[in-house]
Amino acid sequence: MKDKLIIFDTTLRDGEQSPGASMTRDEKVRIARALERLKVDVIEAGFPAASIGDFEAVQAVANAVKDSTVCGLARALDKDIDRAGEALKSAANSRIHTFIATSPIHMQMKLKMQPEQVIEYAVRAVKRARQYTDNVEFSPEDAGRSDEDFLCRILEAVIDAGATTLNIPDTVGYSIPQQFGTTIANLIERIPNSDKAIFSVHCHNDLGLAVSNSLAAVMNGARQVECTINGLGERAGNASLEEVVMAVRTRQDIFTCETDLDTREIVTCSKLVSSITGFPVQPNKAIVGANAFAHESGIHQDGVLKNRETYEIMRAEDVGWSTNRMVLGKHSGRNAFKSRMTELGFEFQSEQELNDTFFRFKQLADKKHEIFDEDLQALISEVSIHAEEESIELVGLRVCSETGEVPKAHVTLRIDNQEITGEAEGSGAVDASLKAIESIVRSGATLELYSVNNITSGTDAQGEVTVRLEKGGRIVNGLGADTDIVIASAKAYISAVNKLQIPEERRHPQKADV
Ligand code: KIV
Ligand code: ZN
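First things first, this report covers the structure right here in the doc. All of these numbers come straight from a predicted model, not from anything done at the bench.

## A short note on the coordination of the zinc ion (ligand 2)
Alright, step 1. Summarising the metal site, the zinc ion (ligand 2) is bound by the protein donors D14 (OD), H202 (NE2) and H204 (NE2), whose distances to it range over 2.0 to 2.1 Å.
Alright, step 2. Summarised as a motif, the one-chain spacing of the donors to the zinc ion (ligand 2) is D-x187-H-x1-H. Highlighted residues: D14 in the loop between β2 (6–9) and α1 (25–38) and H202 in strand β8 (residues 198–203), separated in sequence by 188 residues.
Alright, step 3. Exposure remark for D14: the relative accessible area of 2% places this residue in the buried category.
Alright, step 4. The class of H202 is buried, set by a relative accessible area of 4%.

The following block contains the structure:
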């Protein structure tokens, strides 16, 4: 009988700390539902004390999720822990995750506290969290650069105070696999009451070692891994959930533990996170990249045709890759549409929402005869964006692009129920269109990124455009999809401008200072 490896997903919390990856409450709920279908054990939904928006998002996830444990992050402060306890009140299973820094540099420069004081704060925080739930996790932040003797002292004290999971974060991605694995083994061996808690790890990818460090820790006794879909997260990101889970599953000859995940849901989750955050997945990304199971060289193709295992160590279908299945078409009815959307995890809130979305589906099916799951996912993203705080809408776009002529765009927007038109020239059709929009909205934002991905294959495929705008240090991503990439670009730009108009505290909440 193998041990269970607990999968703790922090896409909605640490993942959201990637610049521009902030999510609304409804987007978080959609991702949380997808994570629940993936059967992750713990979903870290946010940092309730950071903002009203984050509090409400954690509360909404706590209401929506029944099978996974819902976790809220809190600094080792009474007010943070009380906010987390309050946000998680309705969760079927809740966890409070409290943390305080333990490395010399963080204690001296950031906290300005003595080590003894840090232990006091940690113990007090864990005891307070236990008043809300008996499932309490403690993290010594920057453990990767902390003194091992000090870690042993603080961890022993928090176990006595009631912590049930001890998470060892490599906050700045400084560790090296063999050394990190040894640290985990030493902590488990040296802490006298270590058998009363589960050891967990949380690795960042600054040196590209987050997954390797996590796996080294698992080989040395860690039984929880904190990770994110697509490896999203602060700076270079966190350990990627799909890589950790598939490594453990594929190398059962080496690992003495296994996860309970339904790995067939991985690709759906990956696409959902990518489309909501606007962070595309690189084609050669392990497990979820478009080329992860594609064989280009003749020798490989020949081998795979003779026996799949010559070059494949996993089956594409085991992680949810299906060969672009045509699911719906222009003759599909409302029921077929509704049931496929439900299978993809989208729940219609009203008859009106179903009707509107079905209308959009029909419009798309008229332009593009075969509708794939990926098209429906893009439709879901558009509908959800639309249902939110959109005050600017695209009414019409006309572009004139001719060899030897300067491209011109004429655009009509609806802003707070008033139609306004604008025109501009540009170096190409996209450039002219975005300039025409900017001439109306005057956002004053800087374009940081513009990227186009085709959602499925073929020249009639929808293009999915990501636009990243920066204004006054704030970064937002906008997404747009259409069979015409100029229109997709306009939609993406407008979506980003709409996000810039939402008050910051409702979207990006991470402002921890302890
Ligand atoms: O990286 C980190 O140290 C964290 C903690 C809050 C666990 O995200
Ligand atoms: Zn982190």
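Back to the text.
## Looking at unusual backbone geometry
Alright, step 1. Even without being a glycine, K112 presents a positive backbone phi close to 55°.
Alright, step 2. On the secondary structure map, K112 appears in the loop between α4 (104–111) and α5 (115–130).
Alright, step 3. If you check the backbone angles, D416 has positive phi at about 45° while not being a glycine.
Alright, step 4. Note on placement: D416 falls in the loop between β14 (408–415) and β15 (418–425).
Alright, step 5. D416 gets classed as exposed once you look at its relative accessible area, which sits at 60%.

## Topic: the side chain of K28
Alright, step 1. The topology assignment puts K28 in helix α1.
Alright, step 2. We classify K28 as buried; its relative accessible area is 0%.
Alright, step 3. Contact partners of K28, with chain neighbours within four places excluded, come to L12, E16, M23, A45, G46, D54, A57 and V61.

## Concerning the packing of helix α15 (residues 429–441) against helix α16 (residues 485–501)
Alright, step 1. At a minimum axis distance of 9 Å, the contact between α15 and α16 shows a crossing angle of 30°. When the axes of α15 and α16 are compared, the crossing they make is right-handed. Contact residues: A429, V430, S433, L434, I437, E438 and V441 in α15; V486, S489, A490, Y493, I494 and V497 in α16.
Alright, step 2. For the contact of α15 with α16, the residue count by class is 10 nonpolar, 2 polar and 1 charged.

How each quantity is defined
Residues numbered from 1 in each chain as written. Chains lettered and ligands numbered in written order. Predicted model: local features only at pLDDT ≥ 70, side-chain atom pairs only at ≥ 80, totals over all residues. Heavy atoms only, no water. Donors = N, O, S within 2.8 Å, 3.2 Å for Na, K, Ca; no water. Helix = DSSP H or I, 4+ residues; strand = E, 2+ residues; numbered from the N terminus. Buried < 20%, exposed > 50% of the residue type's maximum accessible area, 1.4 Å probe, protein only. Contact = heavy atoms within 4.5 Å. Axes fitted to C-alpha atoms, helices over the stretch in contact; angles between N-to-C directions. Left-handed = near helix turned anticlockwise from the far one by under 90°. Nonpolar A, V, L, I, M, F, W, Y, C, P; charged D, E, K, R; others polar.

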